[in-house]
Amino acid sequence: MKILIIHGPNLNLLGQREPEIYGSLSLNDINAEISREARQFDFKPESRQSNHEGEIIDWLQNAANENFSGVIINPAAFTHTSIAIRDAIAAIKLPVIEVHLSNISDREEFRQKSLTAAVCRGTISGFGATSYLIALTAFKHLLVH
Ligand code: DQA
């Protein structure tokens, strides 16, 4: 079962970017953890990162055609700004789980509102890289059971 993992803007800088908030792992480290965890569930994860809203929308729209069974997305700052990504998630039939490294409910007011959360199957926020691993576990229960 293929799972698409979408990392939004600035997440390519993980490890160097505000490590006190986002931790010291690089995006490659996080993707390696995702691959390790996914293997246990027999999922085939494919991780992509983009700083461009339209590219993320294209990936969401094409996910079913590319035979993905579900999407894990960290929309990063687009979480708080992008009606277009929200609409793309709402438009597709695949289940989408939103994840955040930091606990967005415990941050600046402008981060506390997610435009995308309401159209996702659920949100996991605040566990660092483990947020992605919890999302894989959620998919195991959603898709396999
Ligand atoms: C983030 C939280 C967002 O507010 C922020 O813009 C990010 C990362 C997180 O994973 O904690 O870039 O999505």
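For the structure, see preceding data.
Conventions we followed
Residues numbered from 1 in each chain as written. Predicted model: local features only at pLDDT ≥ 70, side-chain atom pairs only at ≥ 80, totals over all residues. Heavy atoms only, no water. Helix = DSSP H or I, 4+ residues; strand = E, 2+ residues; numbered from the N terminus. Buried < 20%, exposed > 50% of the residue type's maximum accessible area, 1.4 Å probe, protein only. Pairing = 2+ DSSP bridges. Axes fitted to C-alpha atoms, helices over the stretch in contact; angles between N-to-C directions. Contact = heavy atoms within 4.5 Å.

### Topic: unusual backbone geometry
Of all residues except glycine, most have a negative phi; of all peptide bonds, most are trans.
Line of reasoning, step 1. Even without glycine at this site, N10 takes up a positive phi of about 70 degrees.
Line of reasoning, step 2. Note that N10 resides in the loop between strand 1 (2-7) and helix 1 (19-22).
Line of reasoning, step 3. If you check the backbone angles, D42 has positive phi at about 65 degrees while not being a glycine.
Line of reasoning, step 4. Its location among the elements puts D42 in the loop between helix 2 (27-40) and strand 2 (44-49).
Line of reasoning, step 5. Judged by its relative accessible area of 63%, D42 is exposed.

### Let's talk about the sheet that holds strand 4 (residues 96-100)
Line of reasoning, step 1. Taken in spatial order, the five strands line up as 2-1-3-4-5 in an open sheet, and their pairing is parallel. Sheet topology places strand 2 and strand 5 (122-125) at the edges, where each strand pairs with a single neighbour. Between one strand axis and the next, the sheet turns through 20 degrees on average, direction left out of account.
Line of reasoning, step 2. Sheet topology note: the strand 1/strand 2 ladder contains six bridges and is parallel. Note on strand 2: the bridge partner recorded for I3 is P45.
Line of reasoning, step 3. In the packing of helix 2 onto the sheet, contacts are made with strand 1 and strand 2, and the angle to strand 2 comes to roughly 165 degrees.

These values are about where atoms sit, not about what they do.
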